[in-house]
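# Coordinates in review
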Amino acid sequence: MHLATNHPGHVKMPTSSHNLRLGLFAAMLLAAVSTARSADSPVALKNVFKDHFQVGTAINRSHATGTGGGRRSQERIEKDIALTKRQFNQITAENDMKWQLIHPREGAEGYDFGPADALVEFGGKNGMYLVGHTLVWHSQTPNWVFAGTIPPPETADAAPGRGGFGRGYTGPRASREELLERMRDHIHTVVGRYKGKVKSWDVVNEALADGGPENVLRNSLWLQIIGPDFIAKAFQYAHEADPDAILRYNDYGLENPVKIQKLVTLIKSLQEQGVPIHAIGTQAHLNVSTAGFEQMDRSLGEVAKLGLPIHVTELDINSAQGGQRGTGADIAANAQATQGGLVSEADRKLADAYAGIFRAFIKHREWVEMVTFWGVNDAVSWRRSGSPLLFDGENQPKPAFDAVIAEAGREAGVK
Ligand code: XIL
C-alpha cells in the first residue's frame, strides 16, 4: 500500500481503504472520548493542574481502611478509593482528626488514633500530601474540654454550639489556665504524633463571627474562657510541636466582603504579634446561584493582600434549590438547603460555576497552592442532596469535571 506523508500526522491513503480507515479513526476517537469520561479516565485533576496547585479531597475512615458497610457498600468504597488515588494528590481527614473523634475522653488514655493513623498511612503509601483538620474549633469538640468548676456566667447561652450539634456546653467551666493546658496537651500530642507526615494543619477553624462588622471573633467557649489570644496560643503550640508544619487559619464565608475584612483584621493582628501562621484556608462551601468567577476572583484578590499562600480547603458547590441565600457553611442551614430538590439544568449550572471558580484559581495561581474538594463524590458528600462535587455517586465524572479540565486547557492556550 502506498502511503504518502505530507507532514507528521497527515497521512494520505488510497481511496479504497480510506472510508474504512476513517471509520476506524472515528471509532477510536469515540472510544478515547468515552474513556476520558469514565471513572477509568486517564485525565486526572492532579496531572492537569500539576503546574498550578495540588488537587485534593477529604476522605473518611472507610476510605482510609478500605472497609465499606453502613451507607456505602464495600464495592463502592473500593471504587471511591480507586478514584481518589487516580484523581488526587492530597487528602484531608473529613472528620477523623477532629477533637471529638481523635480525643473523645480526657487524659492520656482518652485518645483514639486508629482512624487517623489509617488515614496517614493511606496518604503516605500513595504519595499524597497530608493535611490535618482541625485542632481548635467550636464544633465537634467534646464537652469535657470546656468543663471545670467555675460557674458559667448568666449569659452562658450566648456561646451556642453549631447548628445540629446541640446548644453547646453550658455547665461549670474550666479556668483559662486549665483550658490552655488542655489545648497545649492536645495540640502537642496530635501534631507531635504525625510530625513530618502531616505537612499542614488547620490550627484554628472558624473563629470569625458571622453577621455585621460589630464582632470580629465568634462568641465561642474558646473566646469566653481563654480570651482572644486563644488563637495565637494555638498557633504557638502547633509550631512548637512541628516547626516544619505549614500552619493554616481556616474559615468559611470568605466570599462575603464583611467576613473578609474580619479575616484581614485577625490575620494582620496575628502577623504583628509574630504568630507563626503560614497559609489561609478558604473553605469555599459555595452555592450555585452565586458561585462563579467574579465572586471567587474578588475573594481571592482580597485574601491575597495578606501575602500568605491560599489553600482552598473544603470546596463544594451546593446545587439544590433551597438555601441559596448565605455563604455560610452552617450545618443546620445546609440540612435545610436540600429540601427544594435540584435546580433545573443543575448539571449545566454546576459546570458553569465550577468553570468560573477554577478560572479564578488559575488567575490567582501565584497564591493558590492547594484546592481540596470536600468529598470524593456526591454520594459521600456532607451536602449530598445538593450534588455538589465533580463526580456522581457512581464515581462518574459530571459535566462539571469536563468544565474544570477545560479551564486548564484554556489557560495552556490549547483552546
Ligand atoms: C463536616 C463534615 O463534612 C461532616 O461529615 C460532619 O458531620 C460535620 O462537619 N466546616 C468544616 C468541616 O471545617 O469540618 C465541616 O465538615 C464542614 C464545615
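One structure accompanies this document, and this report is about it.

Quick notes on the rules
Residues numbered from 1 in each chain as written. Predicted model: local features only at pLDDT ≥ 70, side-chain atom pairs only at ≥ 80, totals over all residues. Heavy atoms only, no water. Helix = DSSP H or I, 4+ residues; strand = E, 2+ residues; numbered from the N terminus. Buried < 20%, exposed > 50% of the residue type's maximum accessible area, 1.4 Å probe, protein only. Polar contact = N/O pair within 3.5 Å; in protein donor to acceptor, adjacent residues only side chain to side chain. Contact = heavy atoms within 4.5 Å. Salt bridge = Lys/Arg side-chain N within 4 Å of Asp/Glu carboxyl O. Near = heavy atom within 4 Å. Areas by Shrake-Rupley, 256 points an atom, 1.4 Å probe, with all protein chains shown as cover. Nonpolar A, V, L, I, M, F, W, Y, C, P; charged D, E, K, R; others polar. Phe/Tyr/Trp six-rings, centres within 6.5 Å; stacked < 30°, edge-to-face > 60°. Lys NZ or Arg CZ within 6 Å of the ring centre and 35° of its normal. Axes fitted to C-alpha atoms, helices over the stretch in contact; angles between N-to-C directions. Parallel < 35°, antiparallel > 145°, perpendicular 65-115°, else oblique. Left-handed = near helix turned anticlockwise from the far one by under 90°. Pairing = 2+ DSSP bridges. Expected span 1.5 Å × (residues − 1). Arc of directions from axis to C-beta.

Along the chain, Ser381 falls in the loop between strand S12 (368-373) and helix H14 (399-411). Taking the relative accessible area as the measure of exposure, Ser381 reaches 0% and is therefore buried. Here Arg383 takes part through its backbone nitrogen, which lies 2.8 Å from a polar atom of the side chain of Ser381. Once residues lying within four places of it in the same chain are set aside, the contact partners of Ser381 are Asp316, Trp374, Pro388 and Leu389.

What follows is about the pattern of salt bridges. In the structure shown here, the tally under the stated rule is 20 salt bridges. In this structure, the salt-bridge partner of Asp229 is Arg176, at a minimum N-O distance of 2.8 Å. One end of the pair, Asp229, is in the loop between helix H8 (221-226) and helix H9 (230-241); the other, Arg176, is in helix H7 (residues 176-193), and 53 residues separate them in sequence. A salt bridge links Lys259 to Asp251, with the shortest nitrogen-to-oxygen separation between them at 3.6 Å.

So, on to the site of the ligand. Taken together, 14 residues form the shell around the ligand, and within it Glu94, Lys98, His133, Asn205 and Glu314 come nearest. The contact in question runs from an oxygen atom of the ligand to an N or O atom on the side chain of Asn95, over 2.9 Å. In the model, a nitrogen atom of the ligand is placed 3.1 Å from a nitrogen or oxygen of the Glu206 side chain. When the ligand is considered free in solution it has 410 Å² of accessible area, and contact with the protein chains removes 88% of it. Among the residues forming the shell around the ligand, the class breakdown is four nonpolar, six polar and four charged.

This model, assessed by the stated rule, comprises 14 aromatic pairs. Consider the rings of Tyr111 and Phe113, whose centres lie 5.1 Å apart with planes at 10°: the pair is stacked. This pair shows no difference in class: Tyr111 is buried, exactly as Phe113 is. The residue whose ring lies beneath Arg193 is Phe113, and the NZ or CZ to ring-centre distance is 3.9 Å. One Lys or Arg, Lys259, reaches over the ring of Tyr252 and ends 3.6 Å from the middle of that ring.

What follows covers the environment of Asn205. Mapped onto the fold, Asn205 is located in strand S7 (residues 198-205). Overall, the relative accessible area of 3% leaves Asn205 in the buried class. Separated by 72 residues in the primary sequence, Asn205 and His133 place their C-alpha atoms 8.5 Å from one another. When neighbours within four sequence positions are excluded, Asn205 is seen to be in contact with His133, Thr134, Val136, Trp137, Asn250 and Gln283.

For the pair helix H13 (residues 346-363) and H14, the least separation of the axes is 8 Å and the interaxial angle reads 30°. On the basis of the axis angle, H13 is roughly parallel to H14. The two elements H13 and H14 cross, and the hand of that crossing is right-handed. Here H13 contributes Asp347, Leu350, Ala351, Tyr354, Ala355, Phe358, Arg359 and Ile362 to the contact with H14, which in turn contributes Pro399, Ala400, Ala403, Val404, Glu407, Ala408, Arg410 and Glu411.

This brings us to the pairing of strand S9 (residues 279-282). Alternating residues of S9 divide into Ala279 and Gly281 and Ile280 and Thr282, and every residue in both groups is buried. Where strand S8 (residues 246-251) meets S9, four bridges bridge the pair, whose relative direction is parallel. Directly across from Asp251, in S9, lies its bridge partner Thr282. By the bridge criterion, three bridges tie S9 to strand S11 (residues 310-318) in an arrangement that is parallel. Its bridge partner being in S11, Ile280 is matched across the sheet by Ile310.

Given 3.6 residues per helical turn, the α-helix brings residues three or four places apart onto the same face. Under the 1.5 Å per step criterion, the end-to-end length of H7 is 25 Å for 18 residues, consistent within 8% with the ideal 26 Å. Within H7, burial applies to Leu179, Leu180, Arg182, Met183, His186, Ile187, Val190 and Val191. Considered in projection along H7, the buried side chains sweep an arc of 160° and stay on one side of the axis. Packing partners of the buried residues in H7 comprise helix H5 (99-102), strand S5 (129-136), strand S6 (147-150), S7, H8 and H9.

Right, let's get into the packing of H7 against H9. Two elements in contact, H7 and H9, have axes separated by 9 Å at closest approach and are oriented at 35°. Here H7 and H9 pass one another in a crossing that is right-handed. Here Arg176, Leu180, Met183, Arg184, Ile187, His188, Val191 and Gly192 of H7 come into contact with H9, specifically with Phe230, Lys233, Ala234, Tyr237, Ala238, Glu240 and Ala241. Of the residues in the contact of H7 with H9, the class split is nine nonpolar, two polar and four charged.

Quick look at the side chain of Gln283 now. With respect to the helices and strands, the residue Gln283 is situated in the loop between S9 and strand S10 (285-287). Judged by relative accessible area, which is 0%, Gln283 ranks as buried. Reaching out from Gln283, the side chain makes a polar contact with the side chain of Glu206 at a distance of 2.9 Å.

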